[in-house]
Amino acid sequence: MGLLVVLAAGAFFGYRYWQHNIQPRILSEIQATEPSPAPPTAPAESIRTDPPATPAAPAVTEKPSREKAMRAALAETGERNWVAKVVYASADWQRVKVWVGPPRSEFTTAITLQWDPQDNVYNVVRVEALPSPGEAKTGATPTPPKTVTKAKAPPTRTVKQPPGAPKPPVKTTGTTQISGASSTRSNDGPVPSARRAIAKVLAKAPEKGWVAKVVRRNADWTEATIMIGPPHSEFVAEVDVRWDWSVRRYNIVGTRPLGEG
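Here the structure is a predicted model, which is why all the values come from computation and not from measurement.

1. A closer look at the overall build of the chain
Phase 1 of the analysis: Of regular secondary structure, the chain possesses three helices and ten strands.
Phase 2 of the analysis: If you list the helices and strands of the chain from N to C, you get α-α-β-β-β-β-β-β-α-β-β-β-β.
Phase 3 of the analysis: Burial analysis of the chain (261 residues in total) assigns 27% to the buried set.
Phase 4 of the analysis: When contacts within the chain are restricted to residue pairs at least 6 apart in sequence, those whose partners lie at least 24 apart make up 39%.

2. Here we look at the pattern of salt bridges
Phase 1 of the analysis: The full count for this structure, using the stated rule, is six salt bridges.
Phase 2 of the analysis: Of the charged contacts, one joins Glu128 and Lys97 as a salt bridge, the two residues approaching to 3.4 Å between their closest N and O atoms. Of this pair, Glu128 sits in strand β4 (residues 121-129) while Lys97 is found in strand β2 (residues 95-101), placing the two residues 31 residues apart along the sequence. Of the two residues examined, Glu128 and Lys97, each falls in the buried class.
Phase 3 of the analysis: For the salt bridge of Glu238 with Arg256, the shortest nitrogen-to-oxygen distance reads 3.2 Å.

3. Section: the nonpolar core
Considering soluble globular proteins, one finds that nonpolar side chains tend to be buried as a cluster.
Phase 1 of the analysis: Counting 22 residues, the largest nonpolar core has Trp99, Val201, Ile226, Ile228, Val236, Val241 and Tyr250 as its most contacted members.
Phase 2 of the analysis: At the level of secondary structure, the elements contributing two or more residues to this core comprise α3 (194-203), β8 (223-229) and β9 (237-244).
Phase 3 of the analysis: Of the residues forming this core, the biggest block, four residues, is contributed by β9.
Phase 4 of the analysis: Beyond its immediate sequence surroundings of up to four residues, Trp99 is in contact with Val83, Ala84, Lys85, Val87, Phe107, Thr109, Ala110, Leu130, Glu234, Phe235 and Val236.
Phase 5 of the analysis: Counting residues in hydrophobic clusters, the runner-up holds twelve residues, among them Ala72, Val86, Ile111 and Leu113.

4. Topic: the sheet that holds β9
Phase 1 of the analysis: Spatially, four strands are ordered β7-β8-β9-β10 in an open sheet, and the strand pairing comes out antiparallel. Both outer strands of the open sheet, β7 (211-217) and β10 (249-257), are each paired with one neighbouring strand and no more. Strand-to-strand twist across the sheet, computed as the mean angle between neighbouring axes with direction ignored, equals 30°.
Phase 2 of the analysis: As paired elements, β9 and β10 share eight bridges and run antiparallel to each other. Looking across to β10, one finds that Asp240 is bridged to Gly254.

5. Section: the packing of aromatic side chains
Phase 1 of the analysis: Tallied over the entire structure, the rule returns five aromatic pairs.
Phase 2 of the analysis: Taking 6.4 Å as the distance between ring centres and 50° as the angle between the ring planes, the aromatic pair formed by Trp99 and Phe107 counts as tilted.
Phase 3 of the analysis: Accessibility expressed as a relative area gives 1% for Trp99, which makes it buried.
Phase 4 of the analysis: Here Trp115 and Tyr122 contribute two aromatic rings whose centre-to-centre distance is 4.9 Å and whose plane-to-plane angle is 70°, an arrangement assigned as edge-to-face.
Phase 5 of the analysis: Following the ring pairs from residue to residue traces out a cluster consisting of Trp243, Trp245 and Tyr250.

The rules we used
- Residues numbered from 1 in each chain as written.
- Predicted model: local features only at pLDDT ≥ 70, side-chain atom pairs only at ≥ 80, totals over all residues.
- Heavy atoms only, no water.
- Helix = DSSP H or I, 4+ residues; strand = E, 2+ residues; numbered from the N terminus.
- Buried < 20%, exposed > 50% of the residue type's maximum accessible area, 1.4 Å probe, protein only.
- Contact = heavy atoms within 4.5 Å.
- Salt bridge = Lys/Arg side-chain N within 4 Å of Asp/Glu carboxyl O.
- Core = buried A, V, L, I, M, F, W, Y, C linked by side-chain atoms within 4.5 Å.
- Pairing = 2+ DSSP bridges.
- Axes fitted to C-alpha atoms, helices over the stretch in contact; angles between N-to-C directions.
- Phe/Tyr/Trp six-rings, centres within 6.5 Å; stacked < 30°, edge-to-face > 60°.

By themselves, these are just geometric observations and shouldn't be taken as functional.
Shown next as structure tokens:
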């Protein structure tokens with residue numbers, strides 16, 4: 001009987017020891033060997049498509065200018081070190097004429113430009129070769145050599161009067177001589193002269209203040225060729241005039257830029 005009591009007491013205390021010391025250790029080792037649960041997955045976001053980019057606003061319209069004209073003329077030559085000079089421009093700079101050439105030398109080429117308002121650039125409309133040095137000097141009257149004692153008269157050319165054109169009246173009296181043949185005036189009205197020919201051409205010049213020079217004429221000044229151009233610059237055009245006796249004034253019959261035949 002006493003032995004049974006001892007065995008029962010030993011079994012009871014052994015179970016208590018296993019329950020408090022052995023079982024918790026076994027459970028903790030089992031949990032350590034089990035894989036950890038996967039972390040919760042974040043919900044997938046929907047893909048958002050950005051709206052198409054707004055097209056860029058059109059570029060601001062540019063204006064023509066002297067600098068843009070010279071750059072366009074120099075670009076046309078393909079020469080890096082050439083220089084340029086504007087010899088004519090309309091009031092709005094839409095049409096410009098530029099002379100270009102090597103530095104420290106004579107200008108060799110005349111380039112006419114027209115502004116394109118859509119592309120904001122100058123377009124080349126004409127390229128001309130300028131006369132070689134010595135053919136047309138800038139506005140100044142050439143000085144004759146020291147060995148020449150008598151100035152040569154300007155070259156003349158014979159011009160046939162158009163058929164049916166009335167000839168000037170011949171009068172032996174009533175003519176007043178003001179200062180040479182270029183200022184002769186009859187009682188019947190004006191007569192051909194250098195002053196009237198130049199005044200007619202300058203009245204049709206693109207800008208006020210241009211200068212002129214007679215380069216050819218016939219004997220009675222009924223026909224003449226006159227060069228015109230900006231002051232302190234080179235002449236840019238030749239103008240042909242012809243006297244009309246029916247109205248006693250000059251008419252312009254031809255205009256051409258210098259360098260053209």
